[in-house]
Amino acid sequence: MTCARHGPILQFKLSDIGEGIMEVTVKEWYVKEGDKVSQFDSICEVQSDKASVTITSRYDGVVRKLYYDVDDTAFVGKPLVDIETESSPELTQEEDVVETPAMSHDEHTHQEIKGHKTQATPSVRRLAMENNIKLSEVVGTGKDGRILKEDILNFLAKQTGAILPPSPFHEIQPPAAAVRPKDKLAASGPQPAMPKPVFTGKDVTEPLKGFHKAMVKTMSAALKIPHFGYCDEVDLSCLVKLRAELKPLTEARGIKLSYMPFFIKAASLGLLQFPILNASVDESCQNITYKAAHNIGLAMDTSQGLLVPNVKNVQLLSVFEISMELNRLQALGATAQLGTSDLTGGTFTLSNIGSIGGTYAKPVILPPEVAIGALGKIQILPRFDSSGELVKAHIMNVSWSADHRIIDGATMCRFSNLWREYLENPASMVLDLK
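All residue numbers here refer to positions counted from 1 along the written sequence of the relevant chain. Local features in this predicted model are restricted to residues whose pLDDT is 70 or higher, and side-chain atom pairs enter the listing and the counts only when it is 80 or higher, whereas totals over whole chains, interfaces and linings include all residues. Based on all heavy atoms of the structure, the side-chain values leave hydrogens and waters out of the count.

**Q** Please explain the overall build of the protein as it appears in this structure.
**A** Helix and strand assignments come from DSSP, with helices taken as H or I runs of at least 4 residues and strands as E runs of at least 2, each series counted from the N terminus. When helices and strands are tallied, the protein shows 10 helices and 21 strands. Each residue is placed in one exposure class: buried if its accessible area under a 1.4 Å probe, protein chains only, is under 20% of its type's maximum, exposed if it is over 50%, and partly exposed if it falls in between. Here the protein holds 434 residues, and 41% of them are scored as buried. The contacts of the protein with a sequence gap of at least 6 include a subset with a gap of at least 24, amounting to 63%. The contact criterion used is simple: two residues touch if any of their non-hydrogen atoms lie within 4.5 Å.

**Q** Any chance you could explain the nonpolar core here in plain terms?
**A** Across soluble globular proteins, you tend to see nonpolar side chains buried next to one another. Phe263, Leu277, Phe348, Trp400, Phe415, Trp419 and Leu423 are the most contacted members of the largest nonpolar core, which has 54 residues in total. With eight residues, helix 6 (residues 260-273) is the largest single contributor of residues to this core. Beyond its immediate sequence surroundings of up to four residues, Trp400 is in contact with Phe228, Gly229, Tyr230, Phe348, Leu350, Pro363, Ile372, Gly373, Met412, Phe415, Ser416 and Trp419. In these notes, a set of buried Ala, Val, Leu, Ile, Met, Phe, Trp, Tyr and Cys residues joined through side-chain atoms within 4.5 Å is what counts as a nonpolar core.

**Q** I would appreciate a short explanation of the sheet that holds strand 3 (residues 36-37) in the present structure.
**A** The strands making up a sheet associate through hydrogen bonds between their backbones, and the pairing can be parallel or antiparallel. An order of 1-8-6-3 is seen for the four strands of this open sheet, with the pairing classed as antiparallel. The outermost strands of the open sheet, each flanked by one partner alone, are strand 1 (9-13) and strand 3. Pairing between strands is defined by DSSP: at least two bridges between them are needed. Bridging between strand 6 (residues 61-66) and strand 8 (residues 79-85) involves five bridges; their strand directions are antiparallel. Note that in strand 8 the partner of Leu66 across the bridge is Val81.

**Q** How should I be thinking about helix 5 (residues 237-252) in this particular structure?
**A** Note: α-helices contain 3.6 residues per turn, so residues at a spacing of three or four share the same orientation. Given the number of residues in a helix, its expected span is that number minus one, multiplied by 1.5 Å. In this model, helix 5 (16 residues) spans 24 Å end to end at C-alpha, consistent with the 22 Å of a helix rising 1.5 Å per residue. Of all the bends in helix 5, the largest measures some 35 degrees and sits at Leu246, one to four residues before the proline Pro248. For helix 5, the set of buried residues is Ser237, Leu239, Val240, Arg243 and Thr250. As for helix 5, its buried residues are in contact with strand 12 (227-235), helix 6, helix 7 (319-334), strand 21 (390-403) and helix 9 (409-424). At the exit of helix 5 stands Gly254, carrying a positive phi of roughly 85 degrees. To obtain the bend at a residue, axes are fitted to the seven residues ending there and to the seven starting there, and the angle between these axes is taken.

**Q** Before we go on, may I ask you to explain unusual backbone geometry in this structure?
**A** Excluding glycine, residues mostly carry a negative phi; peptide bonds, for their part, are mostly trans. The linkage connecting Pro367 with the following residue, Pro368, adopts the cis geometry, with an omega of 5 degrees. Positive phi outside glycine occurs at Phe40, with the angle close to 75 degrees. Turning to its location among the elements, Phe40 is positioned in the loop between strand 3 and strand 4 (42-47). With relative accessibility at 55%, the residue Phe40 sits in the exposed group.

**Q** For this particular structure, what's the right way to read the side chain of Asp35?
**A** As for its position among the elements, Asp35 is in the loop between strand 2 (23-29) and strand 3. On the accessibility criterion, Asp35 (17% relative accessible area) is buried. Whenever a nitrogen or oxygen atom comes within 3.5 Å of another N or O atom, the pair is scored as a polar contact, on the condition that within protein one atom can donate a hydrogen and the other can accept it, and that pairs from neighbouring residues in sequence are kept only if both atoms are in side chains. Here the side chain of Asp35 touches Lys32 through a polar contact of 3.0 Å, landing on its backbone nitrogen. In this view, Asp35 contacts Gly61, Val62, Val63 and Met129; residues no more than four positions away in its chain are not counted.

**Q** Sorry, what's going on with the packing of helix 6 against helix 9 here?
**A** A pair of packed helices is captured by two measures, namely the crossing angle of their axes and the spacing between those axes. At a closest axis distance of 9 Å, the pairing of helix 6 and helix 9 adopts a crossing angle of 135 degrees. Our classification of the angle between helix 6 and helix 9 gives oblique. For the pair helix 6 and helix 9, the sense of crossing is right-handed. When helix 6 is examined against helix 9, the residues Phe262, Phe263, Ala266, Ala267, Leu269, Gly270, Leu271 and Gln273 are found in contact with a partner set consisting of Phe415, Leu418, Trp419, Tyr422 and Leu423. Between N-to-C directions, angles cover 0 to 180 degrees, with each direction set by a line fitted to C-alpha atoms, over the stretch in contact for helices. Orientation categories follow fixed angle ranges, with anything under 35 degrees roughly parallel, anything over 145 roughly antiparallel, 65 to 115 roughly perpendicular, and all other angles oblique. Crossing handedness is read from the near helix: turned anticlockwise from the far helix by less than a right angle, it gives a left-handed crossing, and turned clockwise, a right-handed one.

**Q** Whenever I open this one, the packing of aromatic side chains confuses me. Can you help?
**A** The way to describe two aromatic rings as a pair is by their centre distance and the angle between their planes. Each pair of aromatic rings taken from Phe, Tyr and Trp, with Trp reduced to its six-membered ring, is defined by centres within 6.5 Å and is described as stacked if the planes are under 30 degrees apart, edge-to-face if over 60, and tilted in the remaining cases. For the structure shown, the criterion picks out eight aromatic pairs. Pairing Tyr259 with Phe263 gives two aromatic rings, centres 6.4 Å apart and planes at 20 degrees, and the pair type is stacked. In this structure Tyr259 comes out as buried when scored by relative accessible area, which is 18%. Look at Phe263 and you get buried, because its relative accessible area is 3%. Ring centres of Phe348 and Trp400 lie 6.3 Å apart, and the angle between their planes is 45 degrees; this geometry places the pair in the tilted category. In this pair, Phe348 sits in strand 18 (residues 348-351) while Trp400 sits in strand 21, placing the two residues 52 residues apart along the sequence. An identical accessibility class is assigned to Phe348 and Trp400; each is buried.

**Q** Explain the pairing of strand 6 here, please?
**A** Residues in a regular strand point their side chains to alternate faces of the sheet. As judged from the two bridges shared by strand 3 and strand 6, these two strands associate in the antiparallel manner. Its bridge partner being in strand 6, Val37 is matched across the sheet by Gly61.

**Q** Mind showing me how you'd approach the pattern of salt bridges here?
**A** A pair is scored as a salt bridge if a Lys or Arg side-chain nitrogen falls within 4 Å of a carboxyl oxygen belonging to Asp or Glu. Here the structure, examined in full by the defined rule, presents nine salt bridges. Between Asp35 and Lys32 there is a salt bridge, and its shortest N-O distance comes to 3.4 Å. Since its relative accessible area comes to 29%, Lys32 is described here as partly exposed. Among the charged side chains, a network of salt bridges with common partners joins Asp232, Arg420 and Glu424.

**Q** How do you make sense of the pairing of strand 18 when you look at a structure like this?
**A** Burial of the side chains of strand 18 extends over both faces: Phe348 and Leu350 are buried on one face and Thr349 and Ser351 on the other. Across four bridges, strand 15 (residues 296-302) lies against strand 18 in parallel orientation. Paired with Ile296 across the bridge in strand 18 is Phe348. Across three bridges, the pairing between strand 18 and strand 19 (residues 371-375) is parallel. Across the sheet, residue Ser351 finds its bridge partner in strand 19, namely Ala374.

**Q** Explain the packing of helix 6 against helix 7 to me, please; I cannot follow it from the model alone.
**A** Where helix 6 contacts helix 7, the axes come no closer than 9 Å and their chain directions differ by 120 degrees. With respect to each other, helix 6 and helix 7 are oriented oblique. Crossing hand, helix 6 versus helix 7: right-handed. Only Val319, Ile322, Ser323 and Leu326 of helix 7 make contact with helix 6, whose side of the interface consists of Met260, Pro261, Phe262, Ile264 and Lys265. For the contact of helix 6 with helix 7, the class distribution of residues is seven nonpolar, one polar and one charged. The nonpolar class holds Ala, Val, Leu, Ile, Met, Phe, Trp, Tyr, Cys and Pro. Asp, Glu, Lys and Arg form the charged class, and all remaining residues, Gly among them, are polar.

Structure follows, in structure tokens:
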């Protein structure tokens, strides 16, 4: 009789993932108890108040215990899972965890299985795990052998003999025959008393987590800043024509061109003339730090709440390069895959609230920044041109907020005027582009 040899069981702990983060929320498990894992296999996805992070295994072995359920709060330095390793007893336990930013749907993760790599997204791995399917037994039909959701479903159908159902057919019901007035009168009579509806809904209380918890912290700090507001309108008629000319060129390069890259580049050119708007102050407001890089943030409405990723070093980028970066950030934001580097280091922010609706706003400064702008929707309104003729104009309202402890009204006004001039005469930006 041969006795099975079991390796030591190690507690796999969550290590420090930077930015002073001490706790995260478990968003998804990619393994369950009893699963066999290899080094660098995805264990779970966690979300801090900065970004989503995928935790990967350091050991080869079998998962024996999961310490948290989905949506539980995990703490740095505490165990995530227990792994029974296949190594010798001399293996020493390490607390470090390999973290990588959560990947977008266009990217894929890798798993070493019997000498070759199986490529699949976390959602596909989860589907396979729930149906006890080994990815090594599935033939991928995607690019470079990548396993798709359809491959898992087809494999499952072959195993069970099931036939995948076609798209549901919705039968169109013919309209009911019209009721003649006499029939209505004949059918009329004493109507039975209708019971009053009973409301059975209940209030739901849940703890603030992740990005919502971060918003509480950030906005509470913002309340300590004395805000100065300034509003103006911008005639974008020339910019609308320019964008219409450039749009086919950028689409030919595979990039969607919006107005936002022009707004961001004009802001960067303005910040070169008014660097105090691209600064920060310490908590005691005794020192000002003028930021060399123009890392301009874009307030983004996502399924996770308000996020503000930023475009790094705008002062070095062309309008097309800014557009490329915005396309990347928007794709990651739509799939909740923005990384820590995308969400930190901002120096100035623009909020395109007009993409949803509204003309004016009162934007709240994001500490430690000292200024923010909110852009309203573009409207076609009547205006008088230079010769006094009534014309149709593309008008956008802008609302600025500045930290009044270090920025006076005149400075904010002059910056806004320069920013407006660049947008009303976009050809003038060519003179100052570097």
